[in-house]
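Structural overview
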Amino acid sequence: MSAAAAGPRVARFRDVALAVAWRSVHNFLSNPAFLVPAIVFPLFFFVAFAGGLSSISGVPGFDFPSGYTAFQFVFVLLQSAAFGGVFTGFAMARDFEIGFANRYLLAAGDRRGIIGGYALAALTRALITWTILTAIALAAGMEVGGNGVDVFGLFGLAVLTNLAATLWAAGVAMRVRSIQGGPLMQFPVFLTLFLTPVYVPLGLLSGWIHAVASVNPVTALLEAGRGFIAGEPAVIALAFAIAFALPILFAFWARGGLKRAEAAG
Amino acid sequence: MTAEQGPDGTGIEVEGLVREFKNGPRAVDGIELRVEAGEIYGFLGPNGAGKSTTVLMLTTLLPPTAGTARVAGFDIVREGPRVRASIGAALQEAALDPLLTAREHMRLQTALHGLGKSERQVRGQELLERVGLSQAADRKVGGYSGGMKRRLDLALALAHRPRILFLDEPTTGLDIQSRTALWEEVARLAAEEGVTVFLTTQYLEEADTLAGRVGIIDHGHIVAEGTPAALKAEIGRPTVEAVPREAGERGRLAAVLERFGPGAAASPRAAAARLEGGESQLADVVRALDSEGIAIETLQLHAPSLDDVFLAKTGRSLEGAEEEEQEETEVAAETVDAG
């Protein structure tokens, strides 16, 4: 494709994505029913895990240098990234259910921009949540051993996790086109997230949970993230390979969902 | 971005369009039609006849199973984005977000179409004023009446100055005032701005009032097409209906009327006949009744309606077809429940 031909296509994608994202973010920010849970749930998990389970840091073999608050912060960050994407899928499914998606499908010069818009909205929502979460974690005394590059790496992983989850949920939403598809979006993400070393390092897990967590790709993201915050980066190459591969894989999944929605009318 | 002008003008051409749903009947079964640029085309039929499925295909929201169609000169399958850039559509269920205001909807719609920032505001305000929503522009749409939602939906469909407008049962459920206001705006769009309008409706009056030409669809087939006047003239003999002053005279009255043509459906107290010789026989009817000494309470001459056309082409009235479709739906639902 020539640059001249690509220009209008890029513009059409951008116009649609920005418009879709604007509506989603507008509704998110102007409705406490959407805004409050998105912020409160990660904070609740953080307080519950980091506060209520802090004595785990005294368990023999728990040697995370930045302490249990930082250890849990990384999990809650990635969890909020993933669930933010899933909740965006809920919104998308609802738009199909009430017919609003037809407005997008009719007006969009490039329908892929619709997916782009939801993804952009999911990221914006996540950034708001992360800002508050990080501020509270720092206020609670979280130790950050990593430097600026490490922190950038940690949030980079979170951004890619958010994108992957959004694209996964979008693919389901456009196939099911009903909010009834919600559990289908949420359950695999929930399962994948919690079959990782959530509360203790991988080395302290045993039995089947250790076996599953060892091969779970999200474990690498979590380990790398914890390495970044501690200033002792680990499994970076594997983590970023997974973090980039998942959105690419789920982009095809979401594109397939869009085609199914287009064919269904 | 504003509407694109296709290579073959701004009309609609449909050839052998079919849509078949999985495990279901052919909702649209090989329809052919042509809508000229600037024309208002009324697509009339009962619920389930295939009107909305046709609109969904022509607006690229549903791919056809077979056949071709060009909208504004662009193929609906191969040139979907160009079709969409040329058309505006207000579908049966107004696709509105109850959490947004009318102004925010306009902002969203103009942005989706890629209008520049400064143009968005001007165009949005202009359209909101045109449909009479400028006073309510900053209220959330969730609190709007049905008529207001329809008017907003129409304004949104016009955001990018489309050359072709699809309106799928735009006045269903509206009160007469809202309906009349919408009719006036649609007529103005066609007359003053040359917008081609494809309008589906189940209201005979709507098709009769607005449409330059009408296509009547039933069970996925177009059963008649032409101007409302031509369609009525094609089948049409006017009907004379009379109510006798004395109820006991109804039999004699019917016999007299049937001298002028076959009997027709009438209200319980009345008798009616289709005038074989047309309207000019009305004076003869009055003279015959007078000579027979039958006192008449009311006498009416009914011009043929589009319902008569529907009856002639399908063997049932449009209202009857509605009830039939309703029953079919209920039976299908019961079958599903029972299964």
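As a reminder, the structure under discussion sits directly above these lines.
Counting from 1, residues in each chain are numbered in the order their sequence is written. Key to labels: chains lettered from A, ligands numbered from 1, both in the order written. Selection of residues for local features in this predicted model requires a pLDDT of at least 70, selection of side-chain atom pairs for listing and counting requires 80 or more, and totals for whole chains, interfaces and linings are taken over all residues. Computation of side-chain values: all heavy atoms of the structure, hydrogens and water removed.

Another aspect to go through is the nonpolar core. One finds Ile12(B), Phe166(B) and Phe198(B) to be the most contacted residues of the largest nonpolar core, which totals 109 residues. Helix and strand labels come from DSSP, where a helix needs a run of H or I of at least four residues and a strand needs a run of E of at least two; each type is numbered from the N terminus. Among the elements that make up this core, the one with the highest residue count is helix α3 (residues 67-97) of chain A (16 residues). Excluding anything up to four places from it in sequence, Phe166(B) contacts Ile12(B), Val55(B), Leu58(B), Thr59(B), Val71(B), Ile87(B), Gly88(B), Ala89(B), Ala90(B) and Phe198(B). In this text, buried Ala, Val, Leu, Ile, Met, Phe, Trp, Tyr and Cys residues form a nonpolar core when linked through side-chain atoms within 4.5 Å. Only protein chains enter the calculation, and the probe is 1.4 Å; a residue is then buried if its accessible area is under 20% of its type maximum, exposed if over 50%, and partly exposed in between. Val131(B), Tyr144(B), Leu199(B) and Ala224(B) belong to the second largest nonpolar core, which has 42 residues in total. By definition in these notes, contact holds between two residues if any of their heavy atoms fall within 4.5 Å.

To continue, consider the packing of aromatic side chains. The way to describe two aromatic rings as a pair is by their centre distance and the angle between their planes. Residues and elements named next belong to chain A. Pairing of aromatic side chains requires ring centres within 6.5 Å, counting the rings of Phe and Tyr and the six-membered ring of Trp. Pairs whose planes differ by under 30 degrees are stacked, by over 60 edge-to-face, and all others tilted. By the definition in use, this model includes 24 aromatic pairs over all chains. Ring centres 5.5 Å apart and planes at 45° place the aromatic pair phenylalanine 45 and phenylalanine 49 in the tilted group. Of the two residues, phenylalanine 45 and phenylalanine 49 are both situated in helix α2 (residues 32-52); the distance of four residues between them amounts to about one turn of the helix. For the pair phenylalanine 240 and phenylalanine 244, a centre-to-centre distance of 6.3 Å together with 35° between the ring planes defines the contact as tilted. Of the two residues, phenylalanine 240 and phenylalanine 244 both sit in helix α10 (residues 236-264), four residues apart, roughly one turn of that helix. Sitting over the face of the ring of phenylalanine 100, arginine 23 holds its NZ or CZ atom 3.9 Å from the ring centroid. A cation sits over an aromatic face here: arginine 226 above phenylalanine 71, 3.5 Å from the ring centre. Criterion for a charge above a ring: Arg CZ or Lys NZ at most 6 Å from the ring centre, at most 35 degrees from the ring normal.

This part is about the packing of α2(A) against α3(A). Residue and element names in this part refer to chain A. In contact at an axis separation of 9 Å, α2 and α3 are set at 150° when each is read in the N-to-C sense. When the axis of α2 is compared with that of α3, the two are roughly antiparallel. The crossing of α2 and α3 is right-handed. Touching Pro42, Phe45, Phe46, Phe49 and Ala50 of α2 are Tyr68, Thr69, Gln72, Phe73, Phe75, Val76, Gln79 and Ser80, all from α3. To get an axis, a line is fitted to the C-alpha atoms, and for a helix only the part in contact is used. The angle between two axes follows their N-to-C directions and goes from 0 to 180 degrees. Between 65 and 115 degrees an angle is taken as roughly perpendicular, under 35 as roughly parallel, over 145 as roughly antiparallel, and anywhere else as oblique. Take the far helix as your reference; a near helix turned counterclockwise from it by less than a right angle gives a left-handed crossing, and one turned clockwise gives a right-handed crossing.

Here we come to the pairing of strand β3 (residues 40-44) of chain B. Residues and elements named next belong to chain B. By the criterion of burial, β3 is predominantly enclosed, with five of the five residues buried. When DSSP finds two or more bridges between two strands, those strands count as paired. Pairing of β3 with strand β8 (residues 196-201) involves five bridges; the strand directions are parallel. Across the sheet, the residue bridging to isoleucine 40 is valine 197, located in β8. Bridge count between β3 and strand β9 (residues 213-218): four bridges; the pairing is parallel. Across the sheet, residue glycine 42 finds its bridge partner in β9, namely valine 214.

Residue and element names in this part refer to chain A. Structurally, the position occupied by aspartate 150 is in helix α6 (residues 148-176). Buried charge without a partner: aspartate 150 forms no salt bridge, and the closest opposite charge is arginine 226, 15 Å away. In contact with aspartate 150, not counting residues within four places along its chain, are Phe228, Gly231 and Pro233. In this count, Lys and Arg are taken as positive residues and Asp and Glu as negative ones, while His and the chain termini are left out. We define a salt bridge as a contact between a side-chain nitrogen of Lys or Arg and a carboxyl oxygen of Asp or Glu at a distance within 4 Å.

Residues and elements named next belong to chain B. Within the chain, threonine 60 stands out as a residue other than glycine whose phi angle is a positive 70°. Mapping threonine 60 onto the fold places it in the loop between α1 (51-58) and β4 (66-71). Given the relative accessible area of 10%, threonine 60 is considered buried. You will see that glutamate 169, though not glycine, has its phi angle at about 45°, which is positive. With respect to the helices and strands, the residue glutamate 169 is situated in the loop between β7 (164-168) and α6 (176-193).

Space inside and on the surface of the protein is sampled on a 1 Å grid over the protein atoms alone, with a cavity defined as a set of points where a 1.4 Å probe fits but cannot get out and a pocket as an open set with protein on both sides within 12 Å along at least 5 of 7 lines; lining residues have an atom within 4 Å of a point. Grid points are joined across faces, edges and corners, and a volume is the space filled by probe spheres set on the points. Scanning the model with the defined rule gives two cavities of 30 Å³ or more in all. Put simply, the largest cavity is a space of about 130 Å³. In terms of lining, the largest cavity is formed by 17 residues, of which the most central are Asn102(A), Arg103(A), Leu106(A), Ala89(B) and Gln109(B). Looking at the lining of the largest cavity, the elements with two or more residues in it are α4 (100-107) of chain A together with β6 (87-90) and α5 (146-157) of chain B. Amino acid classes used here: Ala, Val, Leu, Ile, Met, Phe, Trp, Tyr, Cys and Pro are nonpolar; Asp, Glu, Lys and Arg are charged; the rest, including Gly, are polar. Residue composition of the lining of the largest cavity, by class: nine nonpolar, five polar and three charged.

Many authors give the size of an interface as the accessible area that is lost as the parts come together. In this assembly, 26 residues from chain A lie in contact with 28 residues from chain B. Computed with a 1.4 Å rolling probe, the buried area is the accessible surface lost when two parts are put together, summed over both parts. The largest share of the area that chain A buries against chain B comes from Trp22(A), Arg103(A) and Leu106(A), three residues that together contribute 30% of it. In this assembly, chain A and chain B are joined by two salt bridges. As a salt-bridge pair, Asp153(B) and Arg103(A) come within 2.7 Å of each other at their nearest N and O atoms. In protein, a polar contact means a hydrogen-donor-capable atom and an acceptor-capable atom, both N or O and within 3.5 Å, with residues adjacent in sequence counting only if both atoms are side-chain atoms; elsewhere, any N or O pair within 3.5 Å suffices. For the interface between chain A and chain B, the tally reads nine residue pairs in polar contact (both at pLDDT 80 or more). Every element with two or more residues in the side of chain A that touches chain B is listed here: α1 (3-30), α4 and α10 of chain A. Per-element tally for the side of chain A that touches chain B: the top contributor is α1(A), with eight residues. Tallied by class, the residues present in the side of chain A that touches chain B amount to 13 nonpolar, seven polar and six charged.

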